Amino acid sequence: MVPISFILNVMHGFFSLIYYGSVMIFGVIVAPRLSKLSNETVNDLMYNLFPTLVSFIEATGMITIVFGAGEFIHYLIGYYRSGGISEVYHVLFSTGWGICIFSGAILGIIGFSIGLLIGHYFEKLFKLFRSIDPESIDEIKLVQGKLKYYSTFGALLLTITVILMILGVSFLPLPQ
């Protein structure tokens, strides 16, 4: 029988690769350059591609968090069984593994929340592009500026999270 930790680890890793790649392509390459595209191209993207893409990114992010939290809780239960709450505290705040994983998880949740905010701004942009009101052009430019800022900030947080997680599981020994 395959251990639950293996399943959680594989699922978390698989979806995190998809999520990280999607965020990097979309958040670092596509979103900051929207204002440089023609209105016709942006309209086409807003109608046909972005709604599905934003939903996909949010879904893979949520799946990544769920499996990562499951894996984290699985380990914490094991530490609790072996030494109680003092062992859990020691592992989280006194080992390289715990510090990397715990801080990476917090930054990951903050980054995902920023991603939800980005999704909200894209929804707003979708609605603005669907309206025929010519006065919405100023608001579109404002929302595009916010998207550029939050996309860059979110991508930076996500990159730090990925680095911390890689350090936690690859280079630092898993506490015994």
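Everything that follows concerns the structure shown earlier in this document.
Since the structure is predicted, the reported quantities are computational estimates derived from the model, not experimental observations. Residue positions are given per chain, counted from 1 along the sequence in the order it is written. With pLDDT at 70 or above as the cut-off, local features in this predicted model cover only qualifying residues; side-chain atom pairs require 80 or more to be listed or tallied, and sums for whole chains, interfaces and linings still use all residues. As a rule here, side-chain values come from all non-hydrogen atoms in the structure, and water together with hydrogens is ignored.

Draft legend 1. Spatial organisation of the pattern of salt bridges. A pairing counts as a salt bridge when a side-chain nitrogen of Lys or Arg comes within 4 Å of a carboxyl oxygen of Asp or Glu. In the structure shown here, the tally under the stated rule is one salt bridge. One salt bridge in this structure joins Glu139 and Lys124, with 3.6 Å as the shortest N-O distance. Taken together, the residues Glu139 in helix α5 (residues 136-171) and Lys124 in helix α4 (residues 96-130) connect sequence positions 15 residues apart. By relative accessible area, Lys124 is classed as partly exposed at 31%. Only DSSP runs of H or I covering at least 4 residues are called helices, and only runs of E covering at least 2 are called strands; the numbering of each starts at the N terminus. Exposed residues in this analysis have more than 50% of their type's maximum accessible area, buried residues have under 20%, and partly exposed residues fall in between, with area computed by a 1.4 Å probe over protein chains only.

Draft legend 2. Region of interest: the nonpolar core. Within the largest apolar cluster, 27 residues are counted, with the highest numbers of intra-cluster contacts made by Met46, Phe50, Phe122, Leu125 and Leu147. Secondary structure elements with two or more residues in this core: α1 (4-30), α2 (39-48), α3 (50-94), α4 and α5. When residues in this core are grouped by element, the largest group, nine residues, is from α4. When neighbours within four sequence positions are excluded, Leu147 is seen to be in contact with Ile118, Tyr121, Phe122 and Leu125. Among the nonpolar cores identified, the runner-up in size contains eight residues, and Phe72, Val88, Val91 and Ile101 belong to it. Remark: nonpolar core denotes a set of buried residues (Ala, Val, Leu, Ile, Met, Phe, Trp, Tyr, Cys) joined through side-chain atoms within 4.5 Å. Should any heavy atoms of two residues lie within 4.5 Å, those residues are considered in contact.

Draft legend 3. Fine view of the packing of aromatic side chains. Between rings of Phe, Tyr and Trp, where Trp is taken as its six-membered ring, a pair exists when centres lie within 6.5 Å; planes separated by under 30 degrees are stacked, by over 60 edge-to-face, and by other angles tilted. With the rule as written, the count across this model stands at 14 aromatic pairs. When the ring of Phe50 is compared with that of Phe122, the centres are 5.5 Å apart and the planes differ by 75°; the resulting orientation is edge-to-face. Placement of the pair is Phe50 in helix α3 and Phe122 in helix α4, with a sequence separation of 72 residues. For the pair shown, Phe50 and Phe122 are each scored as buried. Centre to centre, the rings of Tyr79 and Trp97 are 5.9 Å apart; their planes meet at 70°, and the pair counts as edge-to-face. One end of the pair, Tyr79, is in helix α3; the other, Trp97, is in helix α4, and 18 residues separate them in sequence. Both residues of the pair, Tyr79 and Trp97, count as buried. Grouping aromatic residues by their ring pairs yields a cluster made of Phe72, Tyr89, Phe93 and Phe102.

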